[in-house]
Amino acid sequence: MAGEWQTTSLLEFCRKPNGGIQTGPFGSQLHRADYVDSGVPVIMPTNIRDGRLIEEGIARISEVKAGELARHRVRLGDIIFSRRGEVDKCAVVAEREVDWLCGTGCLLARVDPTRADPRYIGYHIRMPETRAWLQQNAVGLVMPNLNTAILERIPINAPGRDEQKKIADLLASLDAKIDLNRQMAATLENIARALFKSWFVDFDPVHAKAEGR
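A few points on the structure. Just so you know, these numbers come straight off a predicted model, no measurement behind them.

Leu10, Phe81, Ile121, Ile125 and Leu151 are the most contacted members of the largest nonpolar core, which has 25 residues in total. At the level of secondary structure, the elements contributing two or more residues to this core comprise helix 1 (10–13), strand 7 (79–82), strand 10 (106–110), helix 3 (118–125), helix 4 (128–137), helix 5 (148–152) and strand 11 (155–158). When residues in this core are grouped by element, the largest group, three residues, is from helix 3. The residues touching Leu151, leaving out its near neighbours within four places in the chain, are Leu10, Ile21, Phe81, Leu107, Leu134 and Leu146.

Here is the structure:
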């Protein structure tokens, strides 16, 4: 039935040949000397923030090196996880991030688009319940770590593909409105700071009055 929801695992939505779950390149494949000032962005856990990928301060490698690691280049809708530390962080690859590289500190889940809407799966994984599941199922005594076997077992509760798209579209529109409000708030804050400095630090109105302006 179209409206029926089912609980299954992330693996069911990431089966080959159109999907898959994998780690980033091994440390032996990517050395410090491979990083350059400009080139292909390499996604690290620090670049995952609030469900998105942040380009500011991102590491980069040459196109030649990225070609050697082609299987780790990301596609639209891929879900990138922090492999260690803050293991409940993830982000869905957007249009501008296509062909970036999944770095050594991350894992990649590629959702088969015929099985599920990758955006829906990303939103589901960012739910408090799923984030708590990741924290509880991570391994490691000193620092929590994830692996592909853990990602495969993430529980996903989902309706049919069409219903997933409707839910993802709605949540994406709300995210867009939140972003717009944040931008407006930042602009107003900057204006308020500038006015405060002008009036109460630089005393511009006082100087203007004294000068007859």
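This brings us to the pattern of salt bridges. Considering all chains together, one arrives at 16 salt bridges under this definition. The shortest N-O distance in the salt bridge between Asp117 and Arg161 comes to 3.8 Å. With a gap of 44 residues between them, Asp117 in the loop between strand 10 and helix 3 and Arg161 in helix 6 (residues 161–201) connect regions that are remote in the sequence. Between Asp169 and Lys165 there is a salt bridge, with its nearest N and O atoms 2.8 Å apart. Placement of both Asp169 and Lys165 in helix 6 is noted, with a separation of four residues, approximately one turn of the helix. Taking relative accessible area as the criterion, Lys165 reaches 41% and is therefore assigned partly exposed. It is possible to trace a salt-bridge network through shared partners that takes in Asp117, Arg119, Arg161, Lys165 and Asp169.

The next point concerns the sheet that holds strand 8 (residues 90–92). In spatial order, the strands read 2-10-7-8; together these four strands make up an open sheet with antiparallel pairing. Each edge of the open sheet carries a strand with a single partner, namely strand 2 (20–23) and strand 8. Strand after strand, the sheet turns through a mean of 20° between neighbouring axes, direction not considered. Here strand 2 runs beside strand 10; their pairing, made up of four bridges, is antiparallel. Its bridge partner lying in strand 10, Thr23 is registered against Leu107. Where helix 3 meets the sheet, its contacts fall on strand 7 and strand 8, and the angle it forms with strand 7 comes to roughly 25°.

Calculation rules
- Residues numbered from 1 in each chain as written.
- Predicted model: local features only at pLDDT ≥ 70, side-chain atom pairs only at ≥ 80, totals over all residues.
- Heavy atoms only, no water.
- Core = buried A, V, L, I, M, F, W, Y, C linked by side-chain atoms within 4.5 Å.
- Buried < 20%, exposed > 50% of the residue type's maximum accessible area, 1.4 Å probe, protein only.
- Helix = DSSP H or I, 4+ residues; strand = E, 2+ residues; numbered from the N terminus.
- Contact = heavy atoms within 4.5 Å.
- Salt bridge = Lys/Arg side-chain N within 4 Å of Asp/Glu carboxyl O.
- Pairing = 2+ DSSP bridges.
- Axes fitted to C-alpha atoms, helices over the stretch in contact; angles between N-to-C directions.

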